[in-house]
Structures are given as structure tokens and as C-alpha cells.
Amino acid sequence: MRDETKCLHEGYTPRNGEPGVMPIVQSTTYRFDSTEQIGDLFNLPVAHMYSRFSNPTVECVEKKIAALEGGVAAMCTSAGQAASMLSVLNLCSEGDSFVSTAAIYGGTINLFAVTLKKLGIECIFVDADAPAEEISKAFKPNTRCMFTETIANPALAVADIEKLASVAHSHGVPLIVDNTFATPILCKPISFGADIVVHSTTKYMDGHALQVGGVIVDGGKFDWKNGNFPEFTNPDESYHGVVYTESFGEAAYIAKARMQLMRDIGAYPSAMSAFLLNLGLETLPLRMERYCSNAMAVAEYLSKCDKVAAVRYPGLETDKYHALAAKYLKGASGVISFDIKGGKDTAVRFMDGLKLASNEVHVADIRTCVLHPASATHRQLTDEQLVAAGINPGMIRLSVGLEHIEDILEDIRGSMDRL
Ligand SMILES: *Cc1c(COP(=O)(O)O)cnc(C)c1O
């Protein structure tokens, strides 16, 4: 099946007489005929037993996203943040380190640099554009994974996934890619060598601003038996001695994430959230096409506007990341970052002058919206971190929606003219 077909038919296949639409199984529990059957589930969870870590409705969405990414299994989470956190915690323990590219989502920088540090896990940030040999120097014997974003939010740097995967693999560790802005419609990181993919499904996948969610997808190709990951190959005493690589084979990573971490932490979405996410997924290919074409038209306007100092949109031929975008992306997605002449004050006046586009803490939505990263999502970062994340004080992040392109352009032109 192609993506358009997968979005409609993967994950849920009704049998004779069953509901045509994936049902919402709003139940925390599942009933079994005997004590023995439940006991067996604590050896190997072959059925749903408790909705803190698995649920039939959520499972349908997990299967659909795994199929779209070309992975072997997926686990949904209650937020994109939970997906990023669990994707790393599944590999790193106290005393370990991991490497991340520096230009990533501000919330992830905070998670990695502050919260994981408190757990004794060190994040080493690197410049994604540096040569492979340079990046390679950041790895230490205790480094357990590498993390990057396909299209960085909001710097819009495009990751050279093949380069980063080969550096990570040369150190015997997997590459985790946050594919939120590209979605599997525009990029399938696993096909370029990534091992694990995470998403904030809150963004394009849902698209309608209805649910906060995340997902982790397991590519199923990484060799967990290479000696660096004893938790995958030794019995898990917290789960009745299960050995993940033996019991789950190529899906060992997701099985461990669910049976250890989700069991203990419970950052699992509700069935209702998964149902809403699925509605968004059904039209994702159609929407991504329009996000790309609308954003391209806006980026072209901005790049010619004399009140704009710089535009970042990997779809523009003049963009620093255009060559990488041409290699890895089927379209440059719907987010544009640009610097307005006059710095922060003018940026704020431009944003407040918009009538159609809303000022909100959101991105990758069906409706056009704007945000000023330096005073909002990235407010907690130091000036140094802001520069590393590719953010200027006057930068505006514009998330182009699916309104008619002429209405979007009129709104932006109007506010520019009033500056
Ligand atoms: C929003 C976002 C996240 C965090 O996701 P939430 O669903 O808000 O927790 C992670 N990565 C990227 C690229 C994002 O845009």
C-alpha cells in the first residue's frame, strides 16, 4: 500500500459485521477467564491487560504509524515530550551519556540539558552541520544513542540523516530522529538509516489542535546484541526474567519501552485521544501537500519583501538546507522562520497586526499561526543556547495553515504594510 492508502486502511481491519470505523475502547481493564491466563500475561504480554500501557484503540494507531514510517512496531505516548524522553531512557541509565544535535525543539533541549541531567544522564550537544569526524569526537565510551530532528523546530535546519546514522553506528549506538515537522509523508528516516523515530503527534499528524500526543517507532534493524545494551540481552528481573531480544526479536526496543518504562511511568494516551489522532492521520497525505504549497508561496513572498532581513525555508532554492531538503524531503513542510528588520519590537508589532493568523503556542496546525520563539517556547534558553538552536531575537516562526493562499498572503501583506 502507498501512504494515502495506509492512512485509511492500516491498523484497523473490520471483520464481517464489525464497525467500519475504529471503535473507541474506553476501558481501563480487560477480562480473562482464569487466573492462569492473567499470570501468563506477566510472562509475556500477548494481550491487552491494562490501559496504562496498551489499549486496542491506541494499538490501531500505533500499527498505522509504524506502517507509515516503515518500522516494525510503535508505542504512542501522552505527549511528544514523553516520546522523546522515553526514547532516550530506554537506552540510557544513570552514568550514561548521549549525543544530540543542538538545533532542536526548545522543550527537548530543556528535557535533555536539565531534567535528564538530574537523572545522571549527560547530553552532549553537537553542531549537526559539522563534518562527520568532528561530530564523532563527541562520543564517549558511555554514549548510548544520538538524537536529531529531521527539520529542526524552529531553526528549520534539515538533518543529514545518513551522515548522522553512520557516525552513530560507527560507535555502536542507534540514531533517534524526531520526525515531527516532516511526518512520514515527507520523510521516512528509517529508510535513510535511522533506527528509532519519534513524533509529537500534536502537530501535523493530528493537525486539528485536538489532542496532545507522541509516538515512538522502532525501525527493527539495530543490533541490540552488539554488547552496548545489556538490558536488552540479559533477563529483566522487573519483568519475570524476560530477555527482550529473545522474546521480541526485531521489536525488542518497543517491547522494552512498553513493558519497563510505560508500565512504570504510564505516559500513555487515552483511547479518545488516539481516536482523534486517527482522524487527523486519515487525511495527512492530502494536508501535507497543501501545507507545502501554501508555505512555499508565503516563503517566496517573504524572500522578496523589503521589510524582511532573512527567510529560512528549506524549500527555497537559496536556502542553506535546500540540497539536504532535496535529498531527504518530498516537500519542505509548512513552517517558515524569518527575521524581520528592526528586531524584536518590529516582530511583535508585525505579529500583533495579523488578523487571520493567530498568535498561539502551537505549530503545524490546520490554521495559520505565529509564534515568537525567543519570548515563548525558547524563553528559558540562554543567549548562547538560542544561537546554538538557530534563533535570533527578532525571529518569527510562521506556521502556514490550510486557509486559501490568497487570504494568508493578504493577511501577511496587510500587517507588513502597516509596520
Ligand atoms: C512540539 C514538539 C515536541 C513536543 O511535543 P508535545 O506534543 O508538545 O509534547 C517535540 N518535538 C518537536 C519537533 C515539536 O515540535
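Residues numbered from 1 in each chain as written. Predicted model: local features only at pLDDT ≥ 70, side-chain atom pairs only at ≥ 80, totals over all residues. Heavy atoms only, no water.

Between helix α13 (residues 284-304) and helix α17 (residues 405-417), the least distance of the axes is 10 Å, while the angle of their chain directions is 25°. With respect to each other, α13 and α17 are oriented roughly parallel. Here α13 and α17 pass one another in a crossing that is right-handed. Every residue of α17 that contacts α13 at N294, A297, V298, Y301 and L302 is listed here: I405, I408, L409, I412, R413 and M416. (Axes fitted to C-alpha atoms, helices over the stretch in contact; angles between N-to-C directions. Helix = DSSP H or I, 4+ residues; strand = E, 2+ residues; numbered from the N terminus. Parallel < 35°, antiparallel > 145°, perpendicular 65-115°, else oblique. Left-handed = near helix turned anticlockwise from the far one by under 90°. Contact = heavy atoms within 4.5 Å.)

With that out of the way, let us pick up the layout of surface pockets. Estimated volume of the largest pocket: approximately 610 Å³. Those elements that provide at least two residues to the lining of the largest pocket are α3 (56-69), β1 (73-77), α10 (244-248) and α11 (252-265). Tallying contributions element by element places α11 first for the lining of the largest pocket, with five residues. A breakdown of the residues in the lining of the largest pocket according to their chemical character gives 18 nonpolar, three polar and five charged. (1 Å grid on protein atoms, 1.4 Å probe; cavity = no way out; pocket = protein on both sides within 12 Å on 5 of 7 lines; lining within 4 Å. Points joined across faces, edges and corners; volume = space filled by probe spheres on them. Nonpolar A, V, L, I, M, F, W, Y, C, P; charged D, E, K, R; others polar.)

Attention now moves to α3. Helix length check: α3, at 14 residues, gives a terminal C-alpha distance of 20 Å against a target of 20 Å (1.5 Å per residue), a fit within 8%. The buried fraction of α3 amounts to eleven of the 14 residues, a majority that puts the element mostly inside the structure. Regarding α3, the residues found buried are T57, V58, C60, V61, E62, K64, I65, A66, A67, L68 and E69. At the N-terminal boundary of α3, the capping side chain belongs to N55, with an oxygen 2.8 Å from the backbone nitrogen of T57. Within two residues after α3, G70 carries a phi angle of roughly 75°, on the positive side. (Expected span 1.5 Å × (residues − 1). Buried < 20%, exposed > 50% of the residue type's maximum accessible area, 1.4 Å probe, protein only. Polar contact = N/O pair within 3.5 Å; in protein donor to acceptor, adjacent residues only side chain to side chain.)

Strands sit in the order β1-β7-β6-β5-β4-β2-β3 across an open sheet of seven strands; the sheet is mixed. Both outer strands of the open sheet, β1 and β3 (122-126), are each paired with one neighbouring strand and no more. The sheet shows a mean angle of 20° between the axes of neighbouring strands, direction not considered. Taken together, the four bridges between strand β4 (residues 143-149) and strand β5 (residues 175-178) define a ladder with parallel strand orientation. From the neighbouring strand, F147 faces β5, where its bridge partner is I176. Its contacts with the sheet put α3 on β1, β6 (196-200) and β7 (214-218), and the angle it makes with β1 is roughly 125°. Packed on one face of the sheet, helix α7 (residues 161-170) meets β2 (97-101), β4 and β5 and runs near 150° to β5. (Pairing = 2+ DSSP bridges.)

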